[in-house]
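# What the coordinates show
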Amino acid sequence: MSESKNVVLVRANVEMTPASLQTIVQNAKKIAGKDEKGYYTVDTADKVSEMISRFLFEKDFESFVKNIDNYKE
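Below is a short write-up of the structure. (Residues numbered from 1 in each chain as written. Predicted model: local features only at pLDDT ≥ 70, side-chain atom pairs only at ≥ 80, totals over all residues. Heavy atoms only, no water.)

## Some points on the overall build of the chain
This is how it is decided: Think of it this way: any DSSP run of H or I at least four residues long counts as a helix, any run of E at least two long counts as a strand, and we number them from the N terminus. Here, Shrake-Rupley sampling with a 1.4 Å probe gives the accessible areas, and only protein chains in the shown set may cover a residue. Residues scored as positive are Lys and Arg, those scored as negative are Asp and Glu, and His as well as the terminal groups of each chain are ignored. The location of each charge is read from NZ of Lys, CZ of Arg, CG of Asp or CD of Glu.
Within the chain one finds three helices and zero strands. Written out in order from the N terminus, the α and β elements of the chain read α-α-α. Seen through its principal axes, the chain has C-alpha atoms that stretch 50 × 30 × 20 Å. Accessible surface, the chain: about 6,800 Å² in total, of which carbon and sulfur atoms supply 52%. In the chain, 11 positive and 12 negative side-chain charges are present, and the distance between their average locations comes to 4 Å.

The structure is reproduced here in structure tokens:
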């Protein structure tokens, strides 16, 4: 995803519903599975970041921010 574009990493606080966060964590754990000690082998915070970044690329966030009307509350 980000390998094909010139991008910068921005640390930001993002509001989302608890259900969205729970779903990302549950699905990431399902996909990653557990190691021999029973621990999940995925960094769920990284997965949240990955999902948000993917969404922003796929939904053309760049075009959204270029529209000055989107800055009004």
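The rest of the description comes next.
## Points about helix H1 (residues 18-32)
The cut-off we apply is this: Each helix should span, by expectation, one fewer than its residue count multiplied by 1.5 Å.
The end-to-end C-alpha separation of H1 is 21 Å, in line with the 21 Å expected for 15 residues at 1.5 Å each. One or two residues past the end of H1 sits Gly-33, with phi positive at roughly 75°.

## Points about the packing of H1 against helix H2 (residues 44-58)
Note the threshold: Note on geometry: axes are lines fitted to C-alpha atoms, helical ones only across the stretch in contact, with angles between N-to-C directions running from 0 to 180 degrees. Each crossing gets its hand from how the near helix is turned against the far one by less than a right angle, where anticlockwise is left-handed and clockwise is right-handed. Contacts are residue-level and defined by heavy atoms, with any inter-residue pair within 4.5 Å sufficient. In this classification, Asp, Glu, Lys and Arg are treated as charged, Ala, Val, Leu, Ile, Met, Phe, Trp, Tyr, Cys and Pro as nonpolar, and every other residue, Gly included, as polar.
Axis separation between H1 and H2 bottoms out at 9 Å; the angle between their running directions is 115°. Considering how the two elements wind past one another, H1 and H2 form a crossing that is right-handed. Contacts between H1 and H2 involve Leu-21, Ile-24, Val-25 and Ala-28 from the former and Thr-44, Lys-47, Val-48 and Met-51 from the latter. Of the residues in the contact of H1 with H2, the class split is six nonpolar, one polar and one charged.

## A short note on the pattern of salt bridges
Condition: Salt bridge criterion: a side-chain nitrogen from Lys or Arg within 4 Å of a carboxyl oxygen from Asp or Glu.
Using the criterion set out here, one finds four salt bridges in the structure. For Lys-66, the salt bridge is made with Glu-62, and the minimal N-O distance between the two is 3.7 Å. Here Glu-62 and Lys-66 lie together in helix H3 (residues 61-66), a separation of four residues that amounts to about one turn.

## Some thoughts on the environment of Glu-58
Relative to the elements of secondary structure, Glu-58 occurs in helix H2. With 16 residues separating them along the chain, Glu-58 and Val-42 place their C-alpha atoms 23 Å apart.

## Points about unusual backbone geometry
Selection criterion: Relative accessibility thresholds used throughout: buried, under 20% of the residue-type maximum; exposed, over 50%; partly exposed, between the two (1.4 Å probe, protein chains only).
Backbone geometry at Asp-60 places phi at a positive 60°, although glycine is not the residue there. Turning to its location among the elements, Asp-60 is positioned in the loop between H2 and H3. We classify Asp-60 as partly exposed; its relative accessible area is 38%.

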